[in-house]
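Reading the structure
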Amino acid sequence: MSHKPLADMVESMAQAASASPNDGSGCLGRSSRFAAFSFVDRITQIEGTSRVCGLYTIPPEVSHFPVSLVAEAIGQLAAWVAMSVVDFTHRPVAALAGDTRMHRLPRAGDTLELVVEIESCDAESIQYRGRALVDGNLILELSDTLGSMLDIHEFDAPDALRADFDLLTHAGRAPGAFKGVPRPVLEDIPGSTPQRLEAHLSVPAQADFFLDHFPRRPVFPATLLLDAQLQLAQRLASAQAAGPVRVQSITNVKVRAFTAPGATLTLFAEHTESGQTESEPIMIKVGAQAEGRTIAGAKMFFVPDTGDTA
């Protein structure tokens, strides 16, 4: 994996973070954080800087838990170890994910067994792969994942994060704090074709998940953006297949910039015929633009939906 695109993203993200407003008040009240967008209940094992395991239980009452949040849980587990390695001076943010494979949809009440294998970690970046299982069965796999490390003070209070990490690595926190996230609402843009769909995504100006992501510098989570892109891509893939489809894998995920509360993004999903046969997955290229500039993209692969899978 080439690290040059990451260097460009690190620079632009660092500039955005340093320019963002920060009232200097630190974290919000303890009752307001560590709940709305936190997907690790307990860290059960840490093997140096090479491997970490954890657990997360999806609350039974949550009706909508996107598969992208399983990837979020894996990434958060990796982030806890990365922050501890550098003594909570930096934290990783999403940048590149080479390959994500979905095996089945998560269900309310599932306890995710999270495993992260760290290939490298320092004050500049973390590279890792991970997986989530339920009752020993694979739900999702991440590989070739790279996050850039930025100054933690721009996002959260180090002492509060240390306390959260201590809780996770000892008693753990009680499951059930997460109350869900709203489904993405897309406004179709006229002029769509059988090969391309476009839509506007209005990021909420206020939402509970901003309390965790992040207290000092609210950022629209990349995994929620991915969920919105997946919704648009699945519509296009279903039209191409003339029937229901499921996502099999997502590759080449790139997040190039932060998205602030209240932003309006333009999403697109595009199907390319070249190289496709009936036996191959349908590939849909997705992207997101803010003010005419591409800020995120990925390739999504769909197959016919035959039952209880992603």
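Before reading on, note that the structure itself is shown above.
Read on for an overview of the structure. Please read these numbers as outputs of a predicted model, since none were measured by experiment.

Glancing now at the sheet that holds strand β1 (residues 42-47). On the basis of which strands lie adjacent, the open sheet formed by 12 strands has the order β1-β2-β4-β5-β6-β3-β9-β12-β11-β10-β8-β7 and antiparallel pairing. The sheet is open, and its two borders are formed by β1 and β7 (186-188), each paired with just one other strand. On average, adjacent strands in this sheet sit at an angle of 25 degrees to one another, irrespective of strand direction. Sheet analysis places strand β9 (residues 245-255) next to strand β12 (residues 293-304), joined by 8 bridges and oriented antiparallel.

We now examine the pairing of strand β3 (residues 90-102). Where β3 and strand β6 (residues 137-151) come together, 11 bridges link them in antiparallel fashion. Each residue of the ladder has a partner; that of Val93, found in β6, is Ser148. Relative to β9, β3 runs antiparallel, the two sharing 5 bridges. Bridge pairing in β9 places Thr100 opposite Ile250.

With that settled, the discussion passes to unusual backbone geometry. A cis amide bond links His213 to the next residue, Phe214, at an omega of 0 degrees. Among the structural elements, Phe214 can be located in the loop between β8 (196-202) and α4 (222-241). Backbone geometry at Phe88 places phi at a positive 60 degrees, although glycine is not the residue there. Along the chain, Phe88 turns up in the loop between α2 (68-85) and β3. For Phe88, a relative accessible area of 6% puts it in the buried group. A positive phi is found at Asp135, a non-glycine position, where the angle reads about 55 degrees. Mapped onto the elements, Asp135 comes out in the loop between β5 (125-134) and β6.

On to the pairing of β1. In this structure, β1 lies alongside strand β2 (residues 51-57), joined through 5 bridges in antiparallel fashion. In the strand pairing of β2, Glu47 is matched with Arg51. Between the antiparallel neighbours β1 and β2 lie 3 residues, among them Gly48 with a positive phi of about 55 degrees.

Counting 78 residues, the largest nonpolar core has Phe65, Trp80, Leu114, Leu140, Leu267, Ile284 and Phe302 as the members making the most contacts within it. Of the residues forming this core, the biggest block, 11 residues, is contributed by α2. Dropping the residues within four chain positions of it, Leu140 is found in contact with Val67, Val70, Ala71, Ile74, Thr100, Arg101, Met102, His103, Gly130, Arg131 and Ala132. If you look at the next biggest cluster of nonpolar residues, it comprises 6 residues, including Val93, Leu150, Val219 and Phe258.

For the rest of this paragraph, the subject is the packing of α2 against α4. It is the contact of α2 with α4, at a shortest axis distance of 9 Å, that shows an interaxial angle of 160 degrees. Judged by the inter-axis angle, α2 sits roughly antiparallel to α4. Here the hand of the crossing between α2 and α4 comes out right-handed. Two secondary-structure elements touch here, α2 through Ser68, Leu69 and Glu72 and α4 through Thr223, Leu224, Leu226 and Asp227. Across the contact of α2 with α4, the residue classes tally to 3 nonpolar, 2 polar and 2 charged.

As a further point, take the environment of Ser249. You can see Ser249 is positioned in strand β9. Considered as a pair, Ser249 and Leu140 are 109 residues apart in the sequence and their alpha carbons are 9.4 Å apart. What Ser249 contacts, discounting residues up to four positions off in sequence, is Asp99, Thr100, Arg101, Met102, Lys299, Met300 and Phe301.

The next thing to look at is the pattern of salt bridges. Any two side chains of opposite charge can pair, given that their charged atoms come close. Under the counting rule described, the total for this entry stands at 13 salt bridges. Salt-bridge contacts for Glu117 lead to Arg129; the nearest nitrogen and oxygen are separated by 2.9 Å. Note that Glu117 is positioned in strand β4 (residues 111-121) and Arg129 in strand β5, a separation of 12 residues in sequence. In this structure, Asp188 engages Arg235 in a salt bridge whose closest nitrogen and oxygen atoms are separated by 3.0 Å. Here Arg235 lies in helix α4 and Asp188 lies in strand β7, a separation of 47 residues in the sequence. Note on Asp188: relative accessible area 42%, which makes it partly exposed. Three or more residues joined by partner-sharing salt bridges are found here, namely Glu47, Arg51, Glu117, Glu119, Arg129 and Arg131.

Definitions and cut-offs
All residue numbers here refer to positions counted from 1 along the written sequence of the relevant chain. pLDDT decides what is reported in this predicted model: residues at 70 or higher carry local features, side-chain atom pairs at 80 or more are listed and counted, and totals for whole chains, interfaces and linings draw on all residues regardless. In computing side-chain properties, one takes all heavy atoms of the structure into account and sets aside hydrogens as well as water. When DSSP finds two or more bridges between a pair of strands, those strands are recorded as paired. The numbering of helices and of strands both runs from the N terminus, where a helix is a DSSP run of H or I of at least 4 residues and a strand a run of E of at least 2. Orientation is described by lines fitted to C-alpha atoms, with helices fitted over the stretch in contact, and by angles between N-to-C directions that extend from 0 to 180 degrees. Note on classification: 1.4 Å probe, protein chains only; a residue is buried when its accessible area is under 20% of the maximum for its type, exposed when over 50%, partly exposed between these limits. Think of a nonpolar core as a cluster: buried Ala, Val, Leu, Ile, Met, Phe, Trp, Tyr and Cys residues, connected wherever their side-chain atoms sit within 4.5 Å. A contact between two residues is defined here by any heavy atoms of the two lying within 4.5 Å. Reported orientations rely on four angle classes, namely roughly parallel under 35 degrees, roughly antiparallel over 145, roughly perpendicular from 65 to 115, and oblique for the rest. Handedness of a crossing is defined here by the sense of rotation of the near helix relative to the far one, left-handed for an anticlockwise turn of less than a right angle and right-handed for a clockwise turn. When residues are grouped by polarity, Ala, Val, Leu, Ile, Met, Phe, Trp, Tyr, Cys and Pro land in nonpolar, Asp, Glu, Lys and Arg in charged, and all others, Gly among them, in polar. Basic side-chain nitrogens of Lys or Arg form a salt bridge, by our definition, when they fall within 4 Å of a carboxyl oxygen of Asp or Glu.

So far we have only geometry, and geometry alone does not tell us how the molecule works.
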